[in-house]
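What the coordinates show
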Amino acid sequence: MKESVKNTFSDFVEVVELLREKCPWDSVQTHESLKTCLVNETQEVLESIDTLEKEGCGDNLCEELGDLLLQVVLNSVIAKEEGLFTLEDVIEGITEKMKFRHPKIFTPEDQELNSLSWEELKARERKLRENSQKNNLSSHNNREKP
C-alpha cells in the first residue's frame, strides 16, 4: 500500500508560483482581476461556517479555507513580482500584529501595554505604522537626492 505524502505550506507556495508562471489564466491575473475571486471565496467560507454549524461537518470549511488561502498566496506572489512585498512580509506583519495586540500573552511584563484596551492598542499600532511609513518615505526620498 502506498504511503500518503503530506504537502507542506512550502509545497503549496511552489505550486502557486508554478501556476503563475505556466498557467494561461493564473499568469495574467492582477490584484484587481482577483478581487471578485477573493470576495467569492470569502463568501463561500462564510457559507461553509453556516453549514458546519447546521451539520457539524468541517470538510467543506476545510476546502473553502484552502481556496481562500490560494487567494492570499496568489496575491502575495503577484506582489512579489511587482516588487511590493513578499509572502514572508505578509506572515511577518500578521505575526507581529498579533503579538502586539496580545501583550498579556507575549509581553506580560509590559504593564503599560497590558493596561490598554483593544481599541487603544490598535490606535497605538496605527500610529507606530504611520510613523514607520513616514520614516521609510523620508529615507527613500533622501536616497534619491544626489
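Before reading on, note that the structure itself is shown above.
Residues take numbers from 1 onward in each chain, read along the sequence in its written order. A pLDDT threshold of at least 70 governs which residues receive local features in this predicted model, and a stricter bar of 80 or more applies before side-chain atom pairs are shown or counted, although totals over entire chains, interfaces and linings include all residues. Hydrogens and waters are ignored; side-chain quantities use all the structure's heavy atoms.

**A few points about the overall build of the chain**
Put simply, DSSP H or I for four residues or longer makes a helix, DSSP E for two residues or longer makes a strand, and each gets a number counted from the N terminus. Assigned secondary structure in the chain consists of 7 helices and 0 strands. When its helices and strands are written in sequence order, the chain yields α-α-α-α-α-α-α. Taking all 146 residues of the chain together, the buried fraction comes to 20%. Once local pairs closer than 6 in sequence are excluded, the contacts in the chain between residues at least 24 apart make up 48%. When the accessible surface of the chain is summed, it comes to about 11200 Å², and 56% of that surface belongs to carbon and sulfur atoms. Only protein chains enter the calculation, and the probe is 1.4 Å; a residue is then buried if its accessible area is under 20% of its type maximum, exposed if over 50%, and partly exposed in between. Between two residues, a contact is recorded if the distance between any of their heavy atoms is within 4.5 Å. Accessibility throughout is a Shrake-Rupley quantity obtained with a 1.4 Å probe, and a residue counts as covered only by protein chains that appear here.

**Focus on a negative patch on the surface**
Taken together, the side chains of Glu44, Glu47, Asp50, Glu53, Asp59 and Glu63 define an acidic patch exposed on the protein surface. For the negative patch, the secondary-structure elements that each account for two or more residues are helix 2 (35–55) and helix 3 (59–81). Tallying contributions element by element places helix 2 first for the negative patch, with 4 residues. Its place among the elements puts glutamate 53 in helix 2. Patch rule: a residue counts if its relative accessible area is over 30% and it has no salt bridge; like charges are joined within 9 Å, and nonpolar side chains (Val, Leu, Ile, Met, Phe, Trp, Tyr) within 5 Å. A pair is scored as a salt bridge if a Lys or Arg side-chain nitrogen falls within 4 Å of a carboxyl oxygen belonging to Asp or Glu. Under the convention used here, Asp and Glu are negative, Lys and Arg are positive, and both His and the chain ends fall outside the count. All charge positions are set by atom: Lys at NZ, Arg at CZ, Asp at CG, Glu at CD.

**A word on the pattern of salt bridges**
Per the stated rule, a full pass over the model turns up 5 salt bridges. The partner of lysine 35 in a salt bridge is glutamate 32, and the shortest N-O contact between them spans 3.4 Å. Looking at lysine 35, the relative accessible area reads 47%, which means it is partly exposed. Look at glutamate 32 and you get exposed, because its relative accessible area is 56%. Of the charged contacts in the structure, one is a salt bridge between arginine 124 and glutamate 112, with a shortest N-O distance of 2.7 Å. A residue pair is termed long-range when its members are at least 10 positions apart, and arginine 124 in helix 7 (residues 118–144) and glutamate 112 in helix 6 (residues 111–114) qualify at 12 residues.

**Some points on the state of the cysteines**
Pairs of cysteine sulfur atoms within 2.5 Å are identified as disulfides in what follows. Scanning all chains against the criterion turns up 0 disulfides. Between cysteine 57, a free cysteine, and cysteine 62, which holds the nearest cysteine sulfur, the sulfur-to-sulfur gap is 9.9 Å. When its relative accessible area of 35% is taken as the criterion, cysteine 57 is described as partly exposed. For cysteine 62, a relative accessible area of 57% gives the class exposed.

**Thoughts on the side chain of asparagine 114**
Along the polypeptide, asparagine 114 turns up in helix 6. At a separation of 2.9 Å, a polar atom in the side chain of asparagine 114 contacts the main-chain amide nitrogen of lysine 104. Distance and chemistry together define a polar contact, namely a pair of N or O atoms within 3.5 Å, with one atom able to donate a hydrogen and the other to accept it when in protein, and with adjacent residues in sequence counting only for side-chain atoms on both sides. Of the polar contacts made by the side chain of asparagine 114, one reaches the backbone oxygen of aspartate 110; its length is 2.7 Å.

**Points about helix 4 (residues 87–101)**
By definition here, a helix of n residues has an expected span of 1.5 Å times n minus one. Over its 15 residues, helix 4 extends 21 Å from the first C-alpha to the last, a length consistent with the 21 Å expected when each residue adds 1.5 Å. If you check which residues of helix 4 are buried, you get Leu87, Phe100 and Arg101. Along the long axis of helix 4, the arc covered by the buried residues comes to 160°, so they all point the same way. Its side-chain oxygen placed 3.3 Å from the backbone nitrogen of glutamate 88, threonine 86 serves as the N-cap of helix 4. Within this analysis, the arc is defined by the directions that extend from the helix axis to the C-beta atoms.

**Details of the environment of leucine 61**
Structurally, the position occupied by leucine 61 is in helix 3. For leucine 61, a relative accessible area of 15% puts it in the buried group. In this structure the C-alpha to C-alpha distance between leucine 61 and glutamine 29, which are 32 residues apart in sequence, comes to 25 Å.

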